[in-house]
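Each chain, written out:
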Amino acid sequence: MSEKLITVKEVSLNNNCPECFSKEGLELTFKQKFIETKFSKSITQEIATEMFCNVCNTPIYPVNWTEDIERVYDYQMKAFTPKKASKKYKSNFWIIIGIVAVVIIATIVLAATNLPV
């Protein structure tokens, strides 16, 4: 089972970076959790955010946020619509379901034909 975060949306912010004080380069990224197993792929409702400054190449952690950055972050969180949670079954899953169904049907047919009249 592999879990990874896929990028859903990237937003450029016009706020000053708390590290280098540059007004360009601050970027907020929204990521959603993606789980893949042998039998299925699924997107969860779990959301992660990252803020990064492309000028000074530094991740900006919430401890360093200014009030302006917090307001913009809250606004972007309200405006963000994540992908719907979904689950898609792979062909391995359907093959196993088919085999189990055939075995159950065969067992029922064999039991019905061996009943004494």
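Above: the structure in question.
Below is a summary of the structure that appears in this document. All values derive from a computational prediction rather than experimental measurement. (Residues numbered from 1 in each chain as written. Predicted model: local features only at pLDDT ≥ 70, side-chain atom pairs only at ≥ 80, totals over all residues. Heavy atoms only, no water.)

Observations concerning the overall build of the chain
Here's step 1: For the chain, the helix and strand inventory stands at two helices and five strands.
Here's step 2: Ordered by position from the N terminus, the helices and strands of the chain form the series β-β-β-β-α-β-α.
Here's step 3: For the chain, the C-alpha radius of gyration of 25 Å lies well beyond 13 Å, the compact-globule estimate for 117 residues.
Here's step 4: By its C-alpha atoms, the chain is 90 × 25 × 20 Å across when sized along the principal axes.
Here's step 5: Within the chain, the fraction of its 117 residues that count as buried is 23%. (Helix = DSSP H or I, 4+ residues; strand = E, 2+ residues; numbered from the N terminus. Rg over C-alpha atoms; globule rule 2.2 N^0.38 Å. Buried < 20%, exposed > 50% of the residue type's maximum accessible area, 1.4 Å probe, protein only.)

A short note on the environment of Glu50
Here's step 1: For Glu50, the location among the structural elements is in strand S3 (residues 40-53).
Here's step 2: Each C-alpha atom, one on Glu50 and one on Glu27, is 8.2 Å from the other, the two residues being 23 residues apart in sequence.
Here's step 3: With sequence-adjacent residues up to four places away left out, Glu50 is seen in contact with Glu27, Leu28, Thr29 and Lys31. (Contact = heavy atoms within 4.5 Å.)

Considering the packing of aromatic side chains
Here's step 1: Tallied over the full model, the rule gives five aromatic pairs.
Here's step 2: Aromatic side chains Trp65 and Tyr73 sit 4.7 Å apart centroid to centroid with 50° between the ring planes, which places their arrangement in the tilted category. Grouping residues by exposure puts Trp65 and Tyr73 together as buried.
Here's step 3: Consider the rings of Tyr89 and Phe93, whose centres lie 4.2 Å apart with planes at 20°: the pair is stacked. (Phe/Tyr/Trp six-rings, centres within 6.5 Å; stacked < 30°, edge-to-face > 60°.)

Regarding the side chain of Glu27
Here's step 1: You can see Glu27 is positioned in strand S2 (residues 26-36).
Here's step 2: In this structure, Glu27 is buried with no salt-bridge partner, the nearest side chain bearing the opposite charge being Lys31 at 9.1 Å.
Here's step 3: Here Glu27 is in contact with Glu10, Val11, Ser12, Glu50, Met51, Phe52 and Asn54, once residues within four sequence places are set aside. (Lys, Arg positive; Asp, Glu negative; His and termini not counted. Salt bridge = Lys/Arg side-chain N within 4 Å of Asp/Glu carboxyl O.)

A few points about helix H1 (residues 67-79)
Since the α-helix advances by 3.6 residues per turn, residues separated by three or four positions end up pointing in the same direction.
Here's step 1: When the terminal C-alpha atoms of H1 are compared, their 18 Å separation across 13 residues agrees well with the 18 Å that a helix rising 1.5 Å per residue should span.
Here's step 2: Looking at H1, one finds that the buried residues are Ile69, Tyr73 and Gln76. Looking straight down H1, one finds its buried side chains confined to an arc of 65°; they lie on one side. Along H1, exposed side chains directed more than 90 degrees from the buried face belong to Glu67, Tyr75 and Lys78.
Here's step 3: In this structure, the buried residues of H1 make contact with strand S1 (2-13), S2 and S3. (Expected span 1.5 Å × (residues − 1). Arc of directions from axis to C-beta.)

Considerations on the side chain of Lys33
Here's step 1: Note that Lys33 resides in strand S2.
Here's step 2: Overall, the relative accessible area of 16% leaves Lys33 in the buried class.
Here's step 3: Within the local environment of Lys33, its side chain forms a polar contact with the side chain of Glu3, the two groups lying 3.1 Å apart.
Here's step 4: Not counting chain neighbours up to four residues away, the residues in contact with Lys33 comprise Glu3, Lys4, Leu5, Ser42, Ile43, Thr44 and Glu46. (Polar contact = N/O pair within 3.5 Å; in protein donor to acceptor, adjacent residues only side chain to side chain.)

Some points on the state of the cysteines
Here's step 1: Under the defined criterion, the tally for this structure stands at zero disulfides.
Here's step 2: Here Cys53 is not disulfide-linked; the sulfur of Cys56 is the nearest cysteine sulfur, at 3.5 Å.
Here's step 3: Classification of Cys53 by relative accessible area gives buried; the value is 0%.
Here's step 4: A relative accessible area of 25% means that Cys56 is categorised as partly exposed. (Disulfide = S-S within 2.5 Å.)

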